[in-house]
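What follows is each chain in one-letter form.
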Amino acid sequence: MSFDNLSRVTQQRPLRMLLVNAGEADALTWAGLVQPLRLAATALGRDVLHLETMTPAQVVLAQPGWPPHNPHLALLVADEGQSPMAPELSRAVIERCRSAEYWGGVGAGVLWLASAGLMAGVRIALPWALYADTEGISERAILTPHLFELDGRHLSCCGGAASIDFSLTLIEHLFGATVQAGIKESLCIERVRGHEERQRVALQARFGALQPRLSEAVTLMETNIEEPLSTDDIANLVGLSRRQLERLFKQYLGSLPSRYYLELRLQRARQLLLETNHSIVQVGLMCGFSSGSHFSTAFGALFGNTPREERQRKLLP
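Owing to the predicted nature of the structure, the values given are computational and were not obtained by experimental measurement. (Residues numbered from 1 in each chain as written. Predicted model: local features only at pLDDT ≥ 70, side-chain atom pairs only at ≥ 80, totals over all residues. Heavy atoms only, no water.)

Q: Can you tell me about the pairing of strand E2 (residues 49-54), naming the residues and giving the values?
A: With 5 of its 6 residues buried, E2 lies for the most part within the structure. As for the winding sense of the linkage, the β-α-β connection from strand E1 (residues 15-21) through helix H2 (residues 28-44) to E2 is right-handed. (Buried < 20%, exposed > 50% of the residue type's maximum accessible area, 1.4 Å probe, protein only. Helix = DSSP H or I, 4+ residues; strand = E, 2+ residues; numbered from the N terminus. Right-handed = clockwise from strand over helix to strand, strands pointing away.)

Right under this line is the structure:
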């Protein structure tokens, strides 16, 4: 599911956005999310973006119709170490968030929404540190190792530093690349990580003890980008048959080993295109693509643009 699906709300003016902070005001998860959006609201004006921030207590005390009435986008935000809200408070906050066309959570807010049974069948990006608390939700929600997700109307972000990437991604898709570029410059941010990028420790945290061979296989892939190993080679190195390895990847990562490996290589290629001056041909070779046409086709299928177009993003002001 692409963040381009937010296009339905981009035409709404003013776009009403509600952020409910159930954690500390100085937590990185909250600051990383709200600061870029505040800059966007200042630059665009309230007739374009009406940004409202509230505490859970303010949500409960708010009278019907208190702004923002029927927000287009609402998020419940809390740092991963935050204790859950009291049940009555939680219900009021969740109901307000669910009144939005797009809604979800950031950090611990993702876990709270999933624990309330509201993320059944939905792909969610949960902070890796909270994976130990997922026993009650793992059979309902679909946990991914990504930094953030958009699945239907549901938004989720693992929080921490990824909140900045999430916030800037929302700004780009809601208000355009030019607005995002200005805010990146204000915050001295050179690169925004994409939603498909992975939390580096998520796999180890979730599967390391229970599925060490899966973790070992992924590590082999990550350390052999320029000269990719075959699926059979990886299976032999971790002591499994090809069929067993494919079953593990399908069960826990929802993908075949070959597809997962290809996406790792393409994500690395995207990073090199944005962060280095290597030519496009060199980037393809560094990520295991001997054919320029194969590299371009695979890149376009995953990211929706060509390596050349991706390189142009680096040159934008």
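Read on, since the account is not over.
Q: Explain the pattern of salt bridges to me, using residue names and the numbers behind them.
A: Scanning the entire structure with this criterion turns up 7 salt bridges. In this structure, Glu95 and Arg98 form a salt bridge, with 3.6 Å as the shortest nitrogen-oxygen distance. Linking Glu95 with Arg98, this pair stays in helix H4 (residues 87-98), spanning 3 residues, or about one helical turn. For Arg98, a relative accessible area of 36% puts it in the partly exposed group. (Salt bridge = Lys/Arg side-chain N within 4 Å of Asp/Glu carboxyl O.)

Q: Please give an account of the sheet that holds strand E3 (residues 73-78) that cites residues and values.
A: Read across the open sheet, the 6 strands follow the order E2-E1-E3-E4-E8-E7; overall the sheet is mixed. The strands lining the two open edges of the sheet, one partner per strand, are E2 and strand E7 (148-151). In this sheet, adjacent strand axes meet at a mean angle of 15° when their direction is disregarded. Pairing of E1 with E3 involves 5 bridges; the strand directions are parallel. Pairing of Leu18 across the sheet is with Ala74, part of E3. Contacting E1, E2, E3 and strand E4 (102-107), H2 crosses the sheet at an angle of about 145° to E2. In the packing of H4 onto the sheet, contacts are made with E1, E2, E3 and E4, and the angle to E3 comes to roughly 145°. (Pairing = 2+ DSSP bridges. Axes fitted to C-alpha atoms, helices over the stretch in contact; angles between N-to-C directions. Contact = heavy atoms within 4.5 Å.)

Q: I'd like a rundown of the packing of aromatic side chains, residues and numbers included.
A: The geometry of an aromatic ring pair comes down to the distance between the two centres and the angle between the two planes. Summed over all chains, the structure comprises 5 aromatic pairs. A ring pair is formed by Phe148 and Phe166, whose centres lie 5.4 Å apart and whose planes are at 50°; its orientation type is tilted. Taken together, the residues Phe148 in strand E7 and Phe166 in helix H6 (residues 162-175) connect sequence positions 18 residues apart. Pair check on accessibility: Phe148 and Phe166 agree, each one buried. Each ring, one from Phe295 and one from Phe299, has its centre 5.9 Å from the other, and the planes form 75°; the classification is edge-to-face. (Phe/Tyr/Trp six-rings, centres within 6.5 Å; stacked < 30°, edge-to-face > 60°.)

Q: Any details on H4? Residues and values, ideally.
A: For H4, with 12 residues, the first-to-last C-alpha span of 16 Å sits near the 16 Å given by 1.5 Å per residue. Within the span of H4, buried status applies to Ser90, Val93, Ile94, Arg96 and Cys97. Across the axial projection of H4, the buried residues extend over an arc of 160°, all falling on one side. Turned more than 90 degrees away from the buried face of H4 sit Pro87, Glu88 and Arg91, all of them exposed. Where H4 is buried, its residues contact E1, E2, helix H3 (56-61), E3, E4 and helix H5 (108-115). (Expected span 1.5 Å × (residues − 1). Arc of directions from axis to C-beta.)

Q: Give a description of the packing of H2 against H6 that names residues and reports values.
A: For the pair H2 and H6, interaxial distance at closest approach is 7 Å and the crossing angle is 30°. Considering their axes alone, H2 and H6 lie roughly parallel with respect to each other. Handedness of the H2/H6 crossing: right-handed. Along its contact with H2, which presents Thr29, Gly32, Leu33, Pro36, Leu37, Ala40 and Leu44, the element H6 presents Ser163, Ile164, Phe166, Ser167, Leu168, Ile171 and Phe175. (Parallel < 35°, antiparallel > 145°, perpendicular 65-115°, else oblique. Left-handed = near helix turned anticlockwise from the far one by under 90°.)

Q: Quick one: what's the story with helix H7 (residues 177-186), residue by residue and with numbers?
A: Every buried residue of H7 is listed here: Val179, Gln180, Ala181, Ile183 and Lys184. Against H2 and H6 lie the buried residues of H7. With its phi angle positive at about 60°, Cys188 sits one or two positions after the end of H7.

Everything listed here is a matter of geometry and, on its own, says nothing about what the molecule does.
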